[in-house]
Structures are given as C-alpha cells and as structure tokens.
Amino acid sequence: MQADEVRNIILVGFMASGKSSVGRALSRHLGWPRVDADEVIVARAGKPIADIFRDSGEDAFRELERAVMRDLCEESGRIIAGGGGSFIDEENRRTMLEGGIVFYLSARPETIHRRVIGRNPNAPARPLLAGGDPLERIKELLAERSPVYSQAHHSIETDQRSTDQVAQTILDICGPALQKKLKNGRAE
Ligand code: S3P
C-alpha cells in the first residue's frame, strides 16, 4: 500500500488494546464511518460472540470473521476495527493488508489485564480468556501473536498514550495522503 492510497484505516491488536475507542476518535476527526468487525459478526449471527463460541466453536467464529472482513475491506473510506484474532488468520491478514493501512495498537499484558478485568466489570465476555488465570492467558496469547501483529504496516504503543493521542499519531502518519483524499470533504 502506497502512502497516497489510504483506502481504509484498519486497527488491529489484542483485546482491549483500544481499537474501538481509537476507531471512534478517528471517525470523529475524519467523518469516516467506523465499523467494528465484531459488531457486524454479532449482527449477522444474531447472537453475542460468547454464544457463537459456545454453540458453534472458534472455527465457525473465524469463518464468519473471514466473510465479514472480506466484505468490509471491499469498501473504502472507513475506519475498520478488527477483533483481536482477526489479523492472526492468514487469509484475513492478506485481506486487511490489501484493504487499507493497518495499524497495530500494542499494549503490555499488564495494561491489557487492567483494561479487561480491572476497570470494566461489565465488559463483554472474552471467551478466549475464560478459565485459568487471565493474566497468564493474556501473556501466553500475546507472546504467540505479537510477531504476527507486527506485520501490520505500522505499530503504535498505547500503554502511555490516551485514546486521542493514539488517534492523533495515526492521523499524523496518514497525514498527507488523507489530506489529498479529504480534499473534497469526504473520502472518495
Ligand atoms: C478475540 C477477540 C475479540 C473477539 C473474539 C476473539 C481474539 O475481539 O473477536 O472474542 O481472538 O482475540 P476484541 O479484540 O474486540 O475483544
């Protein structure tokens, strides 16, 4: 993807790395719609993610996720937030890298643990963290996934940055290409 071709801005990273909130901030700044792949999956399946995992298993969830990501990446002028595992799947990864500029929002395991468990007891259930010690599970999964997340076009550490700071960093990186694209007020 060339710097003058910002078709979509795609956010990837572990659960609670800030993809949804940064996506909302970017959407406000750019006037581009924000699409959360998990929300589209839930709408298509007609049930929460935890229920898809429980009723049909992770493979079925990943199949749905691939179909949704293919559809989302065909559009342009969107902020797309992928679920935490979406970029790990090889087919999805290709779709996403071709569909826009992909940003990996990274965070340390302790930060993720605090965000998932500590601050929001009403957060949606995360089936992959169920059972066992969640911090250990986060460490394990993150160690496995980090090298793959790093294949994103850009990586941004979020531990010490607010949502708006992360969004601004992304806007700075996309800057010239976005200005060109936004010349007429909206994405082409
Ligand atoms: C998953 C992360 C979740 C959701 C599903 C699987 C993962 O999304 O897609 O539970 O594999 O890390 P969030 O990253 O939005 O929590």
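Residues numbered from 1 in each chain as written. Predicted model: local features only at pLDDT ≥ 70, side-chain atom pairs only at ≥ 80, totals over all residues. Heavy atoms only, no water.

Asker: What's the story with the packing of helix H3 (residues 49-56) against helix H4 (residues 58-74) in this structure? I'm lost.
Answerer: In helix packing, the relevant descriptors are the interaxial angle and the interaxial distance, both defined with respect to the helix axes. For the pair H3 and H4, the least separation of the axes is 7 Å and the interaxial angle reads 125 degrees. One way to sum up the angle between H3 and H4 is to call them oblique. Contact residues: Ile49, Ile52, Phe53 and Ser56 in H3; Glu58, Ala60, Phe61 and Leu64 in H4. When the residues that make up the contact of H3 with H4 are grouped by side-chain class, the tally is 6 nonpolar, 1 polar and 1 charged. (Axes fitted to C-alpha atoms, helices over the stretch in contact; angles between N-to-C directions. Helix = DSSP H or I, 4+ residues; strand = E, 2+ residues; numbered from the N terminus. Parallel < 35°, antiparallel > 145°, perpendicular 65-115°, else oblique. Contact = heavy atoms within 4.5 Å. Nonpolar A, V, L, I, M, F, W, Y, C, P; charged D, E, K, R; others polar.)

Asker: Before we go on, may I ask you to explain the packing of aromatic side chains in this structure?
Answerer: Geometry of an aromatic ring pair is reported as the spacing of the ring centres plus the angle between the planes. Throughout the structure, instances matching the rule amount to 2 aromatic pairs. Ring centres of Phe53 and Phe61 lie 4.9 Å apart, and the angle between their planes is 40 degrees; this geometry places the pair in the tilted category. For the pair Tyr104 and Tyr149, a centre-to-centre distance of 4.8 Å together with 20 degrees between the ring planes defines the contact as stacked. On the criterion of sequence distance, the pair formed by Tyr104 in strand E4 (residues 101-106) and Tyr149 in helix H7 (residues 134-149) is long-range, its members being 45 residues apart. (Phe/Tyr/Trp six-rings, centres within 6.5 Å; stacked < 30°, edge-to-face > 60°.)

Asker: Would you mind going over the pairing of strand E3 (residues 78-81) with me for this structure?
Answerer: Within a regular strand, side chains alternate between the sheet's two faces. Note that strand E1 (residues 8-12) and E3 share 4 bridges and pair parallel. Along E3, the bridge assignment pairs Ile10 with Ile80. Bridging between strand E2 (residues 34-36) and E3 involves 3 bridges; their strand directions are parallel. Looking at the pairing, Arg34 lines up with Ile79 of E3. (Pairing = 2+ DSSP bridges.)

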